[in-house]
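# Overview (structure and organization)
Here is what each chain is made of, one letter per residue.
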Amino acid sequence: MLAPETSAYRDAMARLGAAVNIVTTGTLENPVGFTASAVCSVTDTPPTLLVCLNRGSRARQAFHEGSALCVNVLASSQQHLSNHFASPNSMQERFATGHWTTLATGAPVLEEAVASFDCKISQIVEVGTHSVMFGIVQALRTHATAHGLVYFNRMYHALPHTPPLKP
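Here the residue index of a chain counts from 1 through its sequence in written order. Residues qualify for local features only when their pLDDT is at least 70, as the model is predicted, and side-chain atom pairs are given and counted only at 80 or more; totals for whole chains, interfaces and linings, by contrast, use all residues. Excluded from the side-chain calculation are hydrogens and water; included are all heavy atoms of the structure.

Under the annotation held in an unreviewed UniProt entry, the protein chain carries the name FMN reductase (NADH) RutF and is attributed to Acetobacter pasteurianus.

Here it is, written out as structure tokens:
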């Protein structure tokens, strides 16, 4: 059986909806960040997630040099931030939008995010065109009433806030 063509694979992956995130490293004085949808929970003991970053990204070196990353899950009202961080804007221009603070690691945390996972990078694995960064969560913050933002079929979609089901 032959492997699928790259374009067919990308078209099929566009049908896999994903949360939209701004992933950061550095400090408030020297921040680095990019837009990512390739973020996934790995395990809850210890709480670990992974983030995929294109090897050609200008943000890549900062993640390889640093030991922290923060995944900031965007709200439906923050689609403009996703586009802003995916643009050719300088890092200084990117971080001029939004309200940024820190938690445990010193990586920039978006105050208005649906959730922020402040992590220490435990390892980086190179796979094909991407660096897969594993982060052990050191601190987190959530906003329970925010509406979510997902990317599906090459478009943004808002998710309504719904309270969790009672067991």
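What follows continues from the structure just given.
### Some remarks on the pattern of salt bridges
Whenever a carboxyl oxygen of Asp or Glu lies within 4 Å of a side-chain nitrogen of Lys or Arg, that contact is scored as a salt bridge. Overall, the coordinates contain 3 salt bridges when judged by the stated rule. Across the salt bridge formed by aspartate 11 and arginine 154, the nearest N and O atoms sit 2.9 Å from each other. Here arginine 154 lies in the loop between β11 (148-152) and β12 (155-159) and aspartate 11 lies in helix α1 (residues 6-13), a separation of 143 residues in the sequence. Note that arginine 55 and glutamate 126 form a salt bridge whose closest N and O atoms lie 2.8 Å from each other. Taken together, the residues span a long stretch of sequence, with arginine 55 in the loop between β5 (47-54) and α2 (60-65) and glutamate 126 in strand β9 (residues 115-127) at a distance of 71 residues. Comment: elements are numbered from the N terminus, with helices defined as DSSP H or I runs of at least four residues and strands as E runs of at least two.

### Observations regarding the pairing of β11
The pairing of strand β1 (residues 18-19) with β11 spans 2 bridges and is classified as antiparallel. Each bridged residue has a counterpart across the sheet, and for alanine 18 the counterpart in β11 is tyrosine 151. Any two strands between which DSSP finds at least two bridges are classified as paired. Bridging between β11 and β12 involves 5 bridges; their strand directions are antiparallel. Looking at β12, one finds that valine 150 is bridged to histidine 157.

### Here's the deal with the layout of surface pockets
Both site types are read off a 1 Å grid over the protein atoms alone. A 1.4 Å probe that fits but cannot get out defines a cavity, while an open set with protein on both sides within 12 Å along at least five of seven lines defines a pocket; lining residues have an atom within 4 Å of a point. Grid points are joined across faces, edges and corners, and a volume is the space filled by probe spheres set on the points. Roughly 1200 Å³ of internal volume is contained in the largest pocket. Forming the boundary of the largest pocket are 33 residues, of which Met13, Ala36, Ser37, Ala38 and His130 lie nearest the centre. When residues are grouped by polarity, Ala, Val, Leu, Ile, Met, Phe, Trp, Tyr, Cys and Pro land in nonpolar, Asp, Glu, Lys and Arg in charged, and all others, Gly among them, in polar. Looking at the lining of the largest pocket residue by residue, the class counts come to 19 nonpolar, 10 polar and 4 charged.

### Topic: the state of the cysteines
Disulfide assignment relies on a single distance test, namely cysteine sulfur atoms paired within 2.5 Å. This structure, assessed with the given rule, holds 0 disulfides. Free cysteine: cysteine 52, not disulfide-bonded; nearest cysteine sulfur from cysteine 40 at 8.5 Å. For the exposure calls, accessible area comes from a 1.4 Å probe over protein chains only, and a residue counts as buried if that area is under 20% of its type's maximum, exposed if over 50%, partly exposed in between. With relative accessibility at 22%, the residue cysteine 52 sits in the partly exposed group. Free of any disulfide, cysteine 70 has its nearest neighbouring cysteine sulfur in cysteine 119, separated by 6.9 Å.

### Here's the deal with helix α3 (residues 79-86)
What α3 keeps buried is the set Leu81, Ser82, His84 and Phe85. Projected down its long axis, α3 carries its buried residues within an arc of 165 degrees, all on one side. Next to the buried residues of α3 lie β2 (21-26), β3 (31-36), α4 (91-94), β7 (100-101), β8 (109-110) and β12. Of all possible arcs, the one meant is that of the directions from the helix axis to the C-beta atoms. Any pair of residues with heavy atoms lying within 4.5 Å of one another is described as a contacting pair.

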